[in-house]
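These are the residues of each chain, in order.
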Amino acid sequence: MADVMSMEDLHATAARLNVDLDSLDLDSIRLPAGETFGIISDDEDLKKEEDFEFEEGFGNIIVVDNLPVVPKEKFDKLEGVVRKIYSQIGVIKEDGLWMPTDPDTQKTLGYCFIEFNTPQEAELAKEKTHGYKLDRSHIFSVNMFDDIEKFLKVPEQWAPPESKPYTPGENLQKWLMDEKARDQFVIRAGTDTEVLWNDARQSKPELVYKRSYWTESFVQWSPLGTYLATVHRQGAAVWGGATTFNRLMRYQHSQVKLIDFSPGERFLVTYSSQEPSNPRDTHRVVINIFDVRSGKLMRDFKGSADEFAIGGTGGVSGVSWPVFRWGGGREDKYFARIGKNAVSVYETETFGLIDKKSIKVENVVDFSWSPTDSILALFVPELGGGNQPARVSLVQIPSKVELRQKNLFSVSDCKIYWQSNGEYLAVKVDRYTKTKKSTYTGFELFRIKERDIPIEVLELENKNDKIIAFAWEPKGHRFAVIHGDNPRPDVSFYSMRSGTNTGRVSKLATLKGKQANALFWSPGGRFIILAGLKGFNGQLEFYNVDELETMAQAEHFMATDVEWDPTGRYCVTAVTSVHEMENGFNVWSFNGKLLYRILKDHFFQFLWRPRPPSFLTAEKEEEIAKNLKKYSKKYEAEDQDVSMLLSEQDREKRKMLKEEWARWIGEWKRLHEEEKLERQELRDGEVSDEDEEYEAKEVEVEELLDVSEEVISFD
């Protein structure tokens, strides 16, 4: 870079060299070719290539074929009919309808071009009017303008596709064979996304893969942990592998906002919504279902947000998510959505409705699949001011046979909770009192696997207690309830088995006055965390339900999330960016011991990598549990080796610190000795390095702080 000179320096240098600056023609000066002498040109930024984004294609234009061929006199009438049909679907641009004519006959050519405001409106127009019957002789054939070029490139003669040699891909389950039997997790903080091992023995995580700007909104593991999905403006993508996380497939869906995997990872559902051209209209929704492995679009659903706004627990733009819920276990046989007075169940063989029609259910407001079987639980509220009771129905799919029905009276609200094995179903029912001024809560408990599906009613000892949280024990027969109106509610545990009577519900224990508003069972059952999130500032109680005893109490201030690892060995509590302070996560053992803590600014997400179900039979797992001491010797020895290694590392670290301190002291003493003569000279020949040569004296100093005058009266 050239040195910068002031104008004064420039004039002084010119005077010294006898150069008259006024007589110089600066435009005549030419530098040698390719030489800039470090001077940046003002036009340098114009030479840089900029990545301008141009809108390619004509995605908002459709071609409508098979129109009537009419003379010039009937041209306006035909144009008016076409405009009337398509203006009901979207906004046609000014001069956006063009109907070519034959210059010789002055008749139309039987097709027209229509330009809409948005590509979404054009897509909808194609979907709604392709095959539209104008009259007996004219059935519309509608195509996107961008597709015309593709059709023109179809070769006249068929040629077999080029076959590529098979190259085996990476084992996507290799991470499950970790020698230390560790689990992985993904975190998002700032612009970085990281996949890490949870190395609890070393009391720290181990980095597997890190990437900046990996996603534009969030990441999501597939249900069995095979894939990690990322979300982008152009669509979604899935990644996998042991350490490299290569991109395996992309799914094109512009402006995608939400995604959802099927339980068996065969399909991926993507969702987007588009602002309407007319403010009075609702958002246009597009939902695509892709085959995960091939990336093929299997089925799409389009319509207004109102059509997808029924049911669900959360979403965007008024649409409940997930719109489609998967049934049939991990075989991914069926998916369903709720509509007005109907539940539409689709099968994945053809992606069409079962029996080509929906299940008609008047005023149905909610449904839920069994986690393991093709059984739907439906809820219908009261009608006619209570003359027609509310009801919960169990429907077998695909036969659509009603397996069980329970009528419910004076119902205010209803929530459905399936146990993870599909053995039990709990229906939380909020009922009105006789005065209709307040409500109380009870539970209807269905035993799904038993003959005729018996139902048992459970009411709390205090009917007026508010239910704050409910949770089934995974793979077990117990459930927990937080209830009460006090700032410190109670927590009760129940079992669907009563001693030797396996067909009756019984209460195990009630814990009084707990700072808890959320329940988190270990995936293996037995252990539960009673968490006080939000208003309770992160209070945690680790509880053993087998022994009915508290293992530990702790606090993670301002904690927003609690996540068990898939094995139930470890648990994470996190403070995400909803709070500005203390962002990060803590890793705990199952019994409440804090193992390590990681702080991360702008912390957005923590997700454990799910594990697929074990291949071991229930009998084999039971055998391992009985002989656990025999198997555990190996791991206890490994833990001891790691502990000794850590102790040795700590000793080495302390030894290094001590040696470093000794070196520093030695260096200080050496410098002190070298400067001795210099100090002696500064002190006029006095040698005063020893403490004994100093005399300590106490000196009293009086200091006047303030003076004030006050007139005192003697009266």
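What counts and what doesn't
Along each chain, residues carry numbers from 1 onward, in the same order as the chain's sequence is written. Owing to the predicted nature of the model, reporting of local features is limited to residues with pLDDT of at least 70; listing and counting of side-chain atom pairs is limited to 80 or more, with chain, interface and lining totals taken over all residues. Values shown for side chains rest on all heavy atoms present in the structure; no hydrogens or waters enter the calculation. UniProt positions are given in the numbering used here, feature names are shortened, and annotations may be inferred rather than shown by experiment. Runs of H or I in DSSP of at least four residues are treated as helices and runs of E of at least two as strands, each being numbered from the N terminus. Categorising residues by exposure relies on relative accessible area from a 1.4 Å probe, with only protein chains included: less than 20% of the type maximum marks a residue as buried, more than 50% marks it as exposed, and the intermediate range marks it as partly exposed. Pairs of residues are marked as contacts when any of their non-hydrogen atoms sit within 4.5 Å. Throughout, the Shrake-Rupley method with a 1.4 Å probe supplies accessible areas, and for residues the shown protein chains are the sole cover considered. Patch criteria: residues need more than 30% relative accessible area and no salt bridge. Like-charged residues are merged within 9 Å; nonpolar side chains of Val, Leu, Ile, Met, Phe, Trp and Tyr are merged within 5 Å. For salt bridges, the criterion is a side-chain nitrogen of Lys or Arg within 4 Å of an Asp or Glu carboxyl oxygen. Paired strands, in this sense, are two strands between which DSSP finds at least two bridges. To obtain each axis, a line is fitted to C-alpha atoms, and for helices this fit is confined to the stretch in contact; angles are then taken between N-to-C directions over 0 to 180 degrees. For this quantity, the arc is that covered by the directions from the helix axis to the C-beta atoms. Each nonpolar core is a collection of buried residues, namely Ala, Val, Leu, Ile, Met, Phe, Trp, Tyr and Cys, held together in the definition by side-chain atoms within 4.5 Å. Two N or O atoms count as a polar contact when they lie within 3.5 Å, although within protein this holds only if one can serve as hydrogen donor and the other as acceptor, and sequence-adjacent residues are included solely when both atoms are side-chain atoms. Only centres within 6.5 Å qualify two rings of Phe, Tyr or Trp (six-membered ring in Trp) as a pair; their planes then separate them into stacked at under 30 degrees, edge-to-face at over 60, and tilted for everything else. One confidence number per residue, pLDDT, is output by the predictor and ranges from 0 to 100.

- Where an unreviewed UniProt entry is consulted, the chain appears under the name Eukaryotic translation initiation factor 3 subunit B, with the organism given as Salvia splendens.
- UniProt lists a comment for the chain under the heading Sequence similarities (unreviewed entry), and it reads "Belongs to the eIF-3 subunit B family."
- Listed under Subcellular location (unreviewed entry) in UniProt, the entry text for the chain is "Cytoplasm".

## Some points on the overall build of the chain
Next, step 1: Looking only at helices and strands, one finds eight helices and 45 strands in the chain.
Next, step 2: Counting only residues that meet the buried cut, the chain has 39% of its 715 residues in that class.
Next, step 3: Across the chain, every contact between residues at least 6 apart in sequence was considered, and the portion connecting residues at least 24 apart equals 44%.
Next, step 4: Summing over all exposed atoms, the chain offers an accessible surface of approximately 45300 Å²; the carbon and sulfur share of this is 50%.

## Focus: a nonpolar patch on the surface
Next, step 1: On the surface, a cluster of nonpolar side chains totalling about 440 Å² of accessible area is made up of Trp-661, Trp-664 and Trp-668.
Next, step 2: Structurally, Trp-664 can be placed in helix H7 (residues 628-674).

## Notes on the sheet that holds strand E17 (residues 297-304)
Next, step 1: Strand order in this open sheet of four strands is E14-E15-E16-E17, and the pairing throughout is antiparallel. The sheet is open, and its two borders are formed by strand E14 (258-261) and E17, each paired with just one other strand. Neighbour to neighbour, the strand axes of the sheet diverge by 15° on average, direction disregarded.
Next, step 2: Across seven bridges, the pairing between strand E16 (residues 284-291) and E17 is antiparallel. Directly across from Ile-287, in E17, lies its bridge partner Phe-301.

## Focus: helix H4 (residues 119-129)
Next, step 1: Among the residues making up H4, those that are buried are Glu-121, Ala-122, Leu-124, Ala-125 and Thr-129. Taken around the axis of H4, the buried residues stretch over an arc of 165°, which confines them to a single face.
Next, step 2: In this structure, the buried side of H4 is in contact with strand E1 (61-65), helix H3 (75-87), strand E3 (111-116), strand E6 (141-144) and E16.

## Some remarks on the pattern of salt bridges
Next, step 1: The tally for this structure, following the rule as stated, stands at 36 salt bridges.
Next, step 2: Each member of the salt-bridge network shares a partner with another, and the members are Asp-178, Lys-180, Arg-182, Asp-199 and Glu-206.

## Observations concerning the nonpolar core
Next, step 1: Grouped together as the largest cluster of nonpolar side chains are 19 residues, with contacts concentrated most on Ile-62, Val-64, Val-82, Tyr-86, Ile-114 and Phe-116.
Next, step 2: Elements represented by at least two residues in this core include exactly E1, H3, strand E2 (92-98), E3, H4 and E6.
Next, step 3: Among the elements that take part in this core, H3 stands out by supplying four residues, more than any other.
Next, step 4: Excluding its chain neighbours within four sequence positions, the residues that come into contact with Ile-114 are Asn-60, Ile-61, Ile-62, Val-64, Val-82, Tyr-86, Ile-92, Gly-96 and Leu-97.
Next, step 5: Of all hydrophobic cores here, the second largest spans 18 residues; its members include Leu-258, Tyr-271, Phe-335 and Tyr-346.

## With respect to the sheet that holds strand E40 (residues 549-555)
Next, step 1: As summarised here, the arrangement of the four strands in space is E37-E38-E39-E40, forming an open sheet in which the pairing is antiparallel. Taken across any chain shown, the strands that pair with only one partner, and hence form the sheet edges, are strand E37 (518-521) and E40. Strand-to-strand twist across the sheet, computed as the mean angle between neighbouring axes with direction ignored, equals 20°.
Next, step 2: One ladder, built from four bridges, connects E37 with strand E38 (residues 527-532); its direction is antiparallel. When the sheet's bridge partners are listed, Ala-518 is paired in E38 with Ala-531.

## Focus on the side chain of Thr-441
Next, step 1: When you line up the elements, Thr-441 lands in strand E31 (residues 439-447).
Next, step 2: Using a relative accessible area of 8% as the deciding quantity, one classes Thr-441 as buried.
Next, step 3: For Thr-441, the side chain forms a polar contact with the side chain of Asp-430, separated by 2.7 Å.
Next, step 4: With sequence-adjacent residues up to four places away left out, Thr-441 is seen in contact with Lys-428, Val-429, Asp-430, Lys-463 and Ile-467.

## A few points about the packing of aromatic side chains
Next, step 1: Evaluated as defined, the whole model comprises 42 aromatic pairs.
Next, step 2: Ring centres of Phe-301 and Phe-324 lie 4.6 Å apart, and the angle between their planes is 45°; this geometry places the pair in the tilted category. In this pair, Phe-301 is assigned in strand E17 and Phe-324 in the loop between strand E19 (319-321) and strand E20 (325-327), connecting sequence segments 23 residues apart.
Next, step 3: Seen from their ring centres, Phe-335 and Phe-351 are 5.8 Å apart, and the 45° between their planes marks the pair as tilted. Placement of the pair is Phe-335 in strand E21 (residues 334-339) and Phe-351 in the loop between strand E22 (342-347) and strand E23 (352-353), with a sequence separation of 16 residues.

## Observations concerning the pairing of strand E30 (residues 424-432)
Next, step 1: Most of E30 sits inside the fold, with eight of its nine residues counted as buried.
Next, step 2: Alignment of strand E29 (residues 411-418) against E30, held across seven bridges, turns out to be antiparallel. Residue pairing across strands places Asp-413 opposite Asp-430, the latter belonging to E30.

## Quick word on the side chain of Asp-490
Next, step 1: One can find Asp-490 in strand E35 (residues 490-495).
Next, step 2: Look past the residues within four positions of Asp-490 in its chain and what remains in contact with it is Val-481, Ile-482, His-483, Thr-510, Leu-511, Lys-512 and Gly-513.

## Some details on the pairing of strand E28 (residues 401-408)
Next, step 1: For strand E27 (residues 390-396) and E28, the ladder comprises seven bridges, and the chain directions are antiparallel. Its bridge partner lying in E28, Val-395 is registered against Glu-402.
Next, step 2: Hairpin connection from E27 to E28: four residues lie between these consecutive antiparallel strands, with Lys-400 at a positive phi of about 65°.

## Quick look at the confidence of the model for the chain
Next, step 1: Confidence in the prediction for the chain averages 86 pLDDT; 89% of positions are at 70 or higher.
Next, step 2: This model gives residues 42-55 a pLDDT under 50, and the stretch forms zero contacts once residues within four places in sequence are excluded.

## A closer look at unusual backbone geometry
Next, step 1: A cis amide bond links Ile-397 to the next residue, Pro-398, at an omega of 15°.
Next, step 2: Among the secondary structure elements, Pro-398 is positioned in the loop between E27 and E28.
Next, step 3: Look at Ala-181: it is not a glycine, yet its phi comes out positive at around 55°.
Next, step 4: Along the polypeptide, Ala-181 turns up in the loop between helix H5 (145-152) and strand E7 (184-189).
Next, step 5: The residue Asn-363 is not glycine, and still its phi comes out positive at about 60°.
Next, step 6: Note on placement: Asn-363 falls in the loop between strand E24 (359-360) and strand E25 (366-369).

## Digging into the environment of Val-70
Next, step 1: Along the chain, the position of Val-70 falls in the loop between E1 and H3.
Next, step 2: Considered as a pair, Val-70 and Gly-110 are 40 residues apart in the sequence and their alpha carbons are 8.2 Å apart.
Next, step 3: The residues contacting Val-70, other than those within four sequence positions of it, are Phe-75, Leu-78, Gln-106, Lys-107 and Thr-108.

## Examining the environment of Arg-504
Next, step 1: Tracing the sequence through the fold places Arg-504 in the loop between E35 and strand E36 (506-511).
Next, step 2: Each C-alpha atom of the pair Arg-504 and Glu-456 lies 7.8 Å from the other, and the pair is 48 residues apart in sequence.
Next, step 3: Each residue touching Arg-504, except ones within four places of it in the same chain, is listed here: Arg-447, Glu-456, Ser-495, Met-496, Arg-497 and Ser-498.

## Considerations on the environment of Val-219
Next, step 1: Along the chain, Val-219 falls in strand E10 (residues 219-221).
Next, step 2: Classification of Val-219 by relative accessible area gives buried; the value is 2%.
Next, step 3: Each C-alpha atom, one on Val-219 and one on Thr-230, is 4.8 Å from the other, the two residues being eleven residues apart in sequence.
Next, step 4: Other than its neighbours up to four places away in sequence, Val-219 contacts Val-186, Arg-188, Thr-193, Leu-228, Ala-229, Thr-230, Gln-605 and Leu-607.

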